[in-house]
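Structural overview for review
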Amino acid sequence: MTRRSVRRSASVLGVASGSAALILGLTGSALACTIEDFSAEAKCDGTQGVIVVTDTDASAADATVSVFLKGAGGVETKVGEQPVTGSKQGTRITFAEDWKPSATYRIHVTAGRRVDQDVTPDLVTPATACAAADQSPVPVPTLSATLTASASAPAASASPATTASAPAQPAPPAPSASGSGSGSVPAGTSENAPSPAAGDADLAETGANSHTGLIAGLAAALVVVGGGAVWFGMRRRGTGRNG
């Protein structure tokens, strides 16, 4: 190889190496952890307020997040501090903080030597606080209580009518001393008692039903007819033998 060829080869390798370094540097810068990878928001977990910080660092660098409440006169109160490892999909960490409406919080992030900054702008909570739970629930009537109340209502309303004094009834008339009289009623009987049937009265008076004679006549007629039929049959039989 000539010197000219060696120089060309070295120049090509230098350009290639520089390009690779530039590409790797850009890629590393794109994947490096930055403060733009962090965001914060105030939410409600039921009735409790929380602060959620999300880390979308695709390089998965370890970081530490600190939350401070900004008060009047620049006084800050530290709410808490948690470690986080970012991910492309986003890693969330939650700080249990019963925040007040329109409060301001400062979110600070440290990630090795790359990041040591605050998330901007500061977090300002919503103007409405989380809804408080109702501590005095309305009792729901059960089926047994409803049935008991329904059954006791008629009994209560009927009690005054039962306890009210009944009107005095007139005393029954005393029986007549002579024991006779068309309007007197014997003691121990009732005017509303059912009267005996007409057929029962005939049987009690005569000892037999009024159709007894008719039935007896029909029976005698049947006996006479039967006897005549027997006699006529025997006569025909004797005539046949003689012939």
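Here, every reference points to the structure presented above.
We now turn to the structure provided with this report.

1. So, the pattern of salt bridges
- This structure, assessed with the given rule, holds five salt bridges.
- Here Arg106 and Glu76 are joined by a salt bridge, their closest N and O atoms 2.9 Å apart. Taken together, the residues Arg106 in strand E6 (residues 104-111) and Glu76 in strand E4 (residues 76-85) connect sequence positions 30 residues apart.
- Of the residues examined, Glu76 reaches a relative accessible area of 33% and is grouped as partly exposed.
- Among the ionic contacts, a cluster of salt bridges with common partners joins Glu76, Arg106 and Asp118.

2. As for the nonpolar core
- Grouped together as the largest cluster of nonpolar side chains are 22 residues, with contacts concentrated most on Phe38, Ile51, Val65, Phe95, Tyr105, Ile107 and Val109.
- Of all elements in the fold, only strand E1 (38-45), strand E2 (48-55), strand E3 (62-70), strand E5 (91-96) and E6 reach the threshold of two or more residues within this core.
- Beyond its immediate chain neighbours, meaning those up to four positions away, Tyr105 contacts Ile51, Val67, Phe68, Leu69, Val79, Glu97, Trp99, Asp122, Leu123 and Thr125.

3. Side note on the sheet that holds E5
- Sheet architecture is open: three strands sit in the order E1-E2-E5, paired in antiparallel fashion. The open sheet is flanked by E1 and E5, the only strands paired with a single partner. Each strand axis lies, on average, 25° off the axis of its neighbour in the sheet, ignoring direction.
- Direction of pairing for E2 relative to E5: antiparallel, over a ladder of six bridges. In the strand pairing of E5, Ile51 is matched with Phe95.

4. Describing the pairing of strand E7 (residues 115-118)
- Direction of pairing for E6 relative to E7: antiparallel, over a ladder of four bridges. Residue Val109 lies in a different strand from E7, and its bridge partner there is Gln117.

Parameters at a glance
Residues numbered from 1 in each chain as written. Predicted model: local features only at pLDDT ≥ 70, side-chain atom pairs only at ≥ 80, totals over all residues. Heavy atoms only, no water. Salt bridge = Lys/Arg side-chain N within 4 Å of Asp/Glu carboxyl O. Helix = DSSP H or I, 4+ residues; strand = E, 2+ residues; numbered from the N terminus. Buried < 20%, exposed > 50% of the residue type's maximum accessible area, 1.4 Å probe, protein only. Core = buried A, V, L, I, M, F, W, Y, C linked by side-chain atoms within 4.5 Å. Contact = heavy atoms within 4.5 Å. Pairing = 2+ DSSP bridges. Axes fitted to C-alpha atoms, helices over the stretch in contact; angles between N-to-C directions.

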